[in-house]
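# Results of the structural survey
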Amino acid sequence: MIKVRINEVNYEVPPNLTILAASRFIGVEIPTLCYIPGLEAIGGCRLCVVEVTGARSLVTACSTPVTENMEIFTNSSRVRECRRTTLDLLLSNHDKNCFSCSKYGMCEFRTLCAEYGLEETSYPADEPLKPLDTSNRFFVRDPNKCILCEKCVRVCKEWQGHGAIWLSSRGYKTEVTPAFKVSAQDSECVSCGTCLTVCPTGSIYPKELHLGSDMSFEKIETVCPYCGVGCKLNLHVKSNKVISVSPANGPANHNLLCVKGRFAYNFINHKDRLKTPFIRKRGKLIPATWDEALDKIKKAYIKIDTEYKKKLFISENCAEKISEFNNQSNSIDNKYKNNVNNDLANNINNSFKNNINGDVDNKLANYKNILNIDTLKDGSPFAGLSSAKCTNEENYLFQKMMRSVFKTNHVDHCARLCHAPTVAGLAMSFGSGAMTNSISEISDMDVIFILGSNTTETHPVIASKMRQAKQKGAIIIVAEPRRIDLCREADIFLQIEPGSNVALLNGLMKAVLEEGLEDKSFITDRTEGFKELTEMLETITVEACADICRVSADDIRAAARTFAKGDKAGVFYAMGVTQHSSGTEGVLSVANFAMLCGKIGKSGCGVNPLRGQNNVQGASDMGAVPTDLPGYQKVAVDSNIQKFEEAWNTKLPKFKGKTVTEIMDEILLEEIRFLFIMGENPMVSDPDLTHAEEALRNTEFLVVADIFMTETAALADVVLPAASFAEKEGTFTNTERRVQLLNKAISSPGESKEDREIIQEIVNAIGGNWNYSSSSQIMDEIASLVPIYGGISYDRLKGANKNYGLQWPCPSLNHSGTKILHTSSFTRGKGKFIPCVYKSPAETSSVEYPFILTTGRILYQYHTRTMTSKSEGIEEIAGKNFVEMNPSTATKYNISQGEMISIFSERGEIEVNVRITSKVKEHILFMPFHYAESAANVLTGANLDPISKIPEYKVSAVGIRKIN
């Protein structure tokens, strides 16, 4: 600590602070209009000037460091006069019409003017008002209220990494504009709203904020409901309505948001929200009461459960007779034909006819199918799809309901369609399937390797952190089939073929070994299986891998060399790695590469899968998968089953459950008859949509709980109105394993209910006795059963950990959470090298299907558009689907920009607009999957990864034709 004297009072403050920081440390406020915490001070506004004894002139507090025994005056008459003059000059060029300003009553500049007694300026300027820029769909730029503090310019460049705006012209003509003074809509602006957040005046204001005469609103901090970054944000609430959103200083986002988090909140109070249950009568969905809806579910459950148990009863009790019967002859068919009315039939009839209401006679005609003991003991007619958009507590209750009440392990969620290979692959290599490092480390990395992730569009805030690192000198490597936005910052761009990830990673590892850049001590001390890896790599060459990927071998070597030599080097990947028939092997190869270079267990390194939805990590943690109980405790392990049976006081099924795509198959085989879907929309997100639609339409009983009447809900027998994220308390777990608390901001519309309440009411309607009264009570139960969540409680999340949440594993209440995994040892002990030989995708191009279609996400939409389609601004920018096509391909087929074409695969055909771009190679087409109207997943197939069962969305063979 050093001694300073401020306003004639002695203090001690930490060293290396500026006068502004030191003053704030002791609680003395100094005004400023240009200062931005975390960025280098520029002293531009001159309002933070202070008087320092011995200094010849006033100094700016934001840029002047404190020194031992410095004497400072922050509010002397000399200081106040200087500030007043500065404000007077700023006011001279400022529009005085404050009453119509969106920041009226909240304007920092006008508040300071009032404090210093300025109502009018002493320097009136006779300049005409400049025109407003209203071209951006979400906010307006008013140059007449701008005081040229440069805050917006600086955060756009230094925080977001875009540099979409700057100061143009000179003197009185100086203003903030996009480059070359184009409109905001025509600029590189991505509508993140960060400029709006820091603006101290009304120069930038949102179009849709209407406070009216009452300027008051409540600010509720919560967590963004979109991608897996886990951004903290504030909901501004007035009259039980969310009127705007602002960023909060969360550990993942640090006051940043993307366009969706900042502006796509309209769905919360949208007129189309479900407000009452619906039940199907005579083929139509009609409004109903909760009692009617629950009664319909109860009756369907009893009917299906009773019929299944009768079927199971017959098979189990006839087993001995059938076995005896089969042993009497080598030919079952012949024996059956000769003995249909003999002892077997008579014995069965006599023994069981009363119990099964005379049903045996009919069933005997097809006894070989219905009396298949193994099949019946290894299944259930009930299945459920949980949700990555719902809270941890709700996902926990959902899988508990399916297992303990419906007695089925047929429970899954959308992680099966995005990061199931991550869970499987990283568990095999490391022992746990999650991001090893933290988002806060990204901006300090030396080397960033982005593989199979269009990060700027799918995880914009993480991309901003990457650009911050680039500004500090980091090297960026991108490996993608498309030329994505981050390629502008990339030092090395490898435009690989879709489905060639394993070949690329093998080539990178081969290059590392050839140059002797492997981390020998890490490999020796902390891994196993290295010999097997090297033996496999001896069979390949870098050149052969480059040929498969269709990139330069020299570029592969340069990328390998750069990554291996980096002190802080991390790999970031998403569905470009996982959504393949070799997706798990792609993840294993990423793990192999990171271990080979020793980039695990260290700050700024690691294997970092980027989760696509807000709580896909949490839903996986909670056991919403067929193979795992909560906390990745395997169903196949008897001691795990026993643990949960004791805790839940019930018997649990032990059979292997079905995945999302397998559930659809089982429905068409009439093995699964009852399906409950919570907050998911497989009618858009599933592969081979024609097949998925057939399954959903043929489900004997379908229940959907959601906030809108989605394409899937429209097919249901019962639709239940659910609460949005703004209407519930609970927790989300983001992509870096951080558990964060949601705070309820408004009440739910109509008769809609939180999903945890819906689950409990269904359980109790069919004979259960659940009495959870709060989400915190559910979290306490989770903590008692899930070791990695053992130290997480609402008291901690609302208390000392309120601002930062807790990263699992957090095994006890005195544990502070885990920022970096595998620091001293891997979860499984030693990391395991698992060599993977490249396999080509399940589909390849042909004469009939000469193109490879790859799918993905875009910035201005989210998943199946259930939420983003309710934002007029989002829809205006990106309301229709498109396909990207190389200019050479367009020329060859005589296709024009914006033309509608037909794209077809062996599974279906759609019509879509063309965008001609050099982002894709000649034989590649790219299409977003968000749009139900021209759904890309009509074309994609269900070629599954054999380990994780994920479909190969990224490689589909297609053809194109012009529409006459």
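What comes next is a walk through the structure. (Residues numbered from 1 in each chain as written. Predicted model: local features only at pLDDT ≥ 70, side-chain atom pairs only at ≥ 80, totals over all residues. Heavy atoms only, no water.)

## Notes on the overall build of the chain
Cut-off, in case you're wondering: In DSSP terms, a helix is any run of H or I states spanning at least four residues, a strand is any run of E spanning at least two, and both are numbered starting from the N terminus. As a reference, a globule follows 2.2 Å times the number of residues to the power 0.38, and the radius of gyration itself is taken over C-alpha atoms. We call two residues in contact when some of their heavy atoms are within 4.5 Å. Residue exposure ignores everything except the shown protein chains as possible cover, and the areas themselves are Shrake-Rupley values with a 1.4 Å probe. Charged-residue counts in this description rest on Lys and Arg as positive and Asp and Glu as negative, His and the chain ends being excluded. One atom stands in for each charge, and that atom is NZ of Lys, CZ of Arg, CG of Asp or CD of Glu.
Of the regular secondary structure elements, the chain holds 33 helices and 37 strands. Compactness check: the chain gives a C-alpha radius of gyration of 31 Å against a globular reference of 30 Å for 964 residues, within 12% of the reference. Each principal axis of the C-alpha distribution contributes one length, and for the chain these read about 115 × 65 × 65 Å. Considering only residue pairs separated by 6 or more positions, the chain has 72% of its internal contacts joining residues 24 or more positions apart. As displayed, the chain has an accessible area near 37600 Å², and 48% of this comes from carbon and sulfur atoms. Across the chain, 109 positive and 113 negative side-chain charges occur, with their mean positions spaced 2 Å apart.

## Here's the deal with the pattern of salt bridges
Rules: Any carboxyl oxygen of Asp or Glu within 4 Å of a side-chain nitrogen of Lys or Arg constitutes a salt bridge here. Each residue is placed in one exposure class: buried if its accessible area under a 1.4 Å probe, protein chains only, is under 20% of its type's maximum, exposed if it is over 50%, and partly exposed if it falls in between.
Counted according to the given criterion, the structure contains 48 salt bridges. For Asp 272, the salt bridge goes to Lys 271, with nearest N and O atoms at 3.2 Å. Of the residues examined, Asp 272 reaches a relative accessible area of 40% and is grouped as partly exposed. Salt bridges here are not isolated pairs; linked through shared partners, they connect Glu 188, Arg 467, Asp 485, Arg 488 and Glu 489.

## A short note on the sheet that holds strand S1 (residues 2-6)
Going by this rule: Only strands that DSSP links by at least two bridges are regarded as paired with each other.
Reading across from one edge, S2-S1-S5-S3-S4 is the order of the 5 strands in this open sheet, with mixed pairing throughout. The open sheet terminates on both sides in strands that have one partner only, identified here as strand S2 (9-13) and strand S4 (59-60). Summarising the sheet, S1 and S2 pair through 5 bridges and their orientation is antiparallel. Counterpart to Ile 6 in the pairing with S2 is Val 9.

## Overview of the packing of helix H17 (residues 501-514) against helix H19 (residues 530-537)
Note the threshold: Lines fitted to C-alpha atoms define the axes, with helix axes restricted to the stretch in contact, and inter-axis angles between N-to-C directions lie between 0 and 180 degrees. Each angle gets one of four labels, with under 35 degrees taken as roughly parallel, over 145 as roughly antiparallel, 65 to 115 as roughly perpendicular, and the rest as oblique. Residue polarity follows a fixed list, in which Ala, Val, Leu, Ile, Met, Phe, Trp, Tyr, Cys and Pro are nonpolar, Asp, Glu, Lys and Arg are charged, and the others, Gly among them, are polar.
For the pair H17 and H19, the least separation of the axes is 10 Å and the interaxial angle reads 100°. The orientation of H17 with respect to H19, classified from their angle, is roughly perpendicular. Contacts from Asn 506, Met 509, Lys 510 and Leu 513 in H17 reach Phe 530, Leu 533, Thr 534, Met 536 and Leu 537 in H19. Class assignment for the residues of the contact of H17 with H19 results in 6 nonpolar, 2 polar and 1 charged.

## Quick word on the sheet that holds strand S29 (residues 738-742)
Strand pairing within a sheet occurs via backbone hydrogen bonds; the two strands may be parallel or antiparallel. Strand order in the open sheet formed by 3 strands is S28-S29-S30, and the pairing between neighbours is antiparallel. The open sheet has two edge strands with one neighbour each: strand S28 (730-733) and strand S30 (806-807). The pairing of S28 with S29 spans 4 bridges and is antiparallel. Residue Gly 730 lies in a different strand from S29, and its bridge partner there is Leu 742. Here helix H13 (residues 392-405) sits on the sheet and contacts S28 and S29; the angle it forms with S28, its principal contact strand, is near 95°.

## Let's talk about the pairing of strand S5 (residues 70-73)
Of the two faces of S5, only one is covered, namely that formed by Met 70 and Ile 72; the face formed by Glu 71 and Phe 73 stays uncovered. Sheet topology note: the S1/S5 ladder contains 3 bridges and is parallel. Pairing of Arg 5 across the sheet is with Glu 71, part of S5. Relative to S5, strand S3 (residues 49-52) runs antiparallel, the two sharing 2 bridges.

## Remarks on the environment of Glu 532
Relative to the assigned elements, Glu 532 resides in helix H19. C-alpha separation for the pair Glu 532 and Phe 73, spaced 459 residues apart in sequence, amounts to 70 Å.

## With respect to unusual backbone geometry
Residue Pro 809 follows Trp 808 across a cis peptide bond; omega there is 0°. By the element assignment, Pro 809 lies in the loop between S30 and strand S31 (831-832). Located in the positive-phi region is Ser 191, a residue other than glycine, with phi close to 60°. Relative to the helices and strands, Ser 191 resides in the loop between strand S8 (175-178) and helix H5 (194-198). For Ser 191, a relative accessible area of 2% corresponds to the buried category.

## Here we look at the packing of aromatic side chains
Convention followed: What counts as a ring pair is set by centres within 6.5 Å for rings of Phe, Tyr and Trp (its six-membered ring), and what kind of pair is set by the plane angle: stacked under 30 degrees, edge-to-face over 60, tilted for all other angles. In this scheme, Lys NZ or Arg CZ marks a charge over a ring once it lies within 6 Å of the ring centre and within 35 degrees of the ring normal.
Taken as a whole and judged by the stated rule, the model has 25 aromatic pairs. Taking the centre distance of 6.2 Å and the plane angle of 70° together, the rings of Trp 166 and Phe 180 count as edge-to-face. Taken together, the residues span a long stretch of sequence, with Trp 166 in strand S7 (residues 165-168) and Phe 180 in the loop between S8 and H5 at a distance of 14 residues. Overall, the relative accessible area of 41% leaves Trp 166 in the partly exposed class. Members of the aromatic cluster, joined through ring pairs, are Tyr 301, Phe 382, Phe 406, Phe 674 and Phe 701. Residue placement shows Lys 400 over the ring face of Trp 770; its charged tip is 5.1 Å from the ring centre. Across the ring face of Phe 904, the terminal group of Arg 961 is positioned such that the distance to the ring centre comes to 4.1 Å.

## A closer look at the packing of helix H4 (residues 151-159) against helix H16 (residues 460-471)
Their axes nearest at 8 Å, the elements H4 and H16 cross at an angle of 90°. One finds that H4 runs roughly perpendicular with respect to H16. Contacts between H4 and H16 involve Lys 157, Glu 158 and Trp 159 from the first element and Ser 464, Gln 468 and Gln 471 from the second. Class assignment of the residues belonging to the contact of H4 with H16 gives a composition of 1 nonpolar, 3 polar and 2 charged.

## Quick notes on H17
Going by this rule: Expected span of a helix, by definition, is 1.5 Å for each gap between consecutive residues, and there is one gap fewer than residues.
Relative to the 20 Å expected for 14 residues at 1.5 Å per residue, H17 spans 20 Å between its end C-alpha atoms, a close match to the ideal helical length. Burial analysis of H17 places 12 of its 14 residues in the buried class, the great majority of the element. Every buried residue of H17 is listed here: Asn 501, Val 502, Ala 503, Leu 504, Leu 505, Asn 506, Gly 507, Leu 508, Met 509, Lys 510, Ala 511 and Val 512. Gly 516 sits one or two positions beyond H17 and adopts a positive phi of about 65°.

## Side note on the nonpolar core
Within soluble globular proteins, side chains that are nonpolar generally end up buried alongside one another. Applied cut-off: Here, nonpolar core means buried Ala, Val, Leu, Ile, Met, Phe, Trp, Tyr and Cys residues that are tied together by side-chain atoms lying within 4.5 Å of each other.
Counting 134 residues, the largest nonpolar core has Met 401, Phe 674, Leu 720 and Tyr 789 as its most contacted members. At 7 residues, the largest contribution of residues to this core is made by helix H7 (residues 290-327). Discounting chain neighbours no more than four positions away, the residues touching Leu 720 are Leu 274, Pro 277, Trp 290, Ala 293, Ile 297, Val 703, Val 704, Ala 705, Asp 706, Ile 758 and Ile 762. Judged by nonpolar contacts, the second largest core, of 51 residues, contains Leu 451, Leu 537, Val 587 and Ala 594.

## Overview of the pairing of strand S12 (residues 241-247)
In terms of burial, S12 is largely enclosed, as 6 of its 7 residues are buried. Here strand S11 (residues 232-238) folds back onto S12 in antiparallel fashion, the turn holding 2 residues, of which Ser 239 has a positive phi close to 55°.

## Some words on the side chain of Ser 438
Threshold: In the analysis that follows, any N or O atom pair within 3.5 Å is treated as a polar contact, provided that within protein one partner can donate a hydrogen and the other can accept it, and provided that, for residues neighboring in sequence, both atoms belong to side chains.
Considering the arrangement of structural elements, one finds Ser 438 in the loop between helix H14 (420-429) and strand S17 (447-451). Looking at Ser 438, the relative accessible area reads 2%, which means it is buried. Here Lys 819 takes part through its backbone oxygen, which lies 2.8 Å from a polar atom of the side chain of Ser 438. Here Ser 438 is in contact with Glu 736, Gln 807 and Lys 819, once residues within four sequence places are set aside.

## Observations concerning the environment of Asn 7
In this fold, Asn 7 is placed in the loop between S1 and S2. Remark: the alpha-carbon pair of Asn 7 and Ala 890, spanning 883 residues in sequence, is separated by 72 Å. The residues contacting Asn 7, other than those within four sequence positions of it, are Val 28, Ile 72, Phe 73, Thr 74 and Asn 75.

## Overview of the state of the cysteines
Operational definition: Pairs of cysteine sulfur atoms within 2.5 Å are identified as disulfides in what follows.
Per the counting criterion, the structure on display carries 0 disulfides. With no disulfide of its own, Cys 45 lies 3.7 Å from the sulfur of Cys 34, the closest cysteine sulfur. Cys 152 provides the cysteine sulfur closest to Cys 149, a residue in no disulfide bond, and the two sulfurs are 6.2 Å apart.

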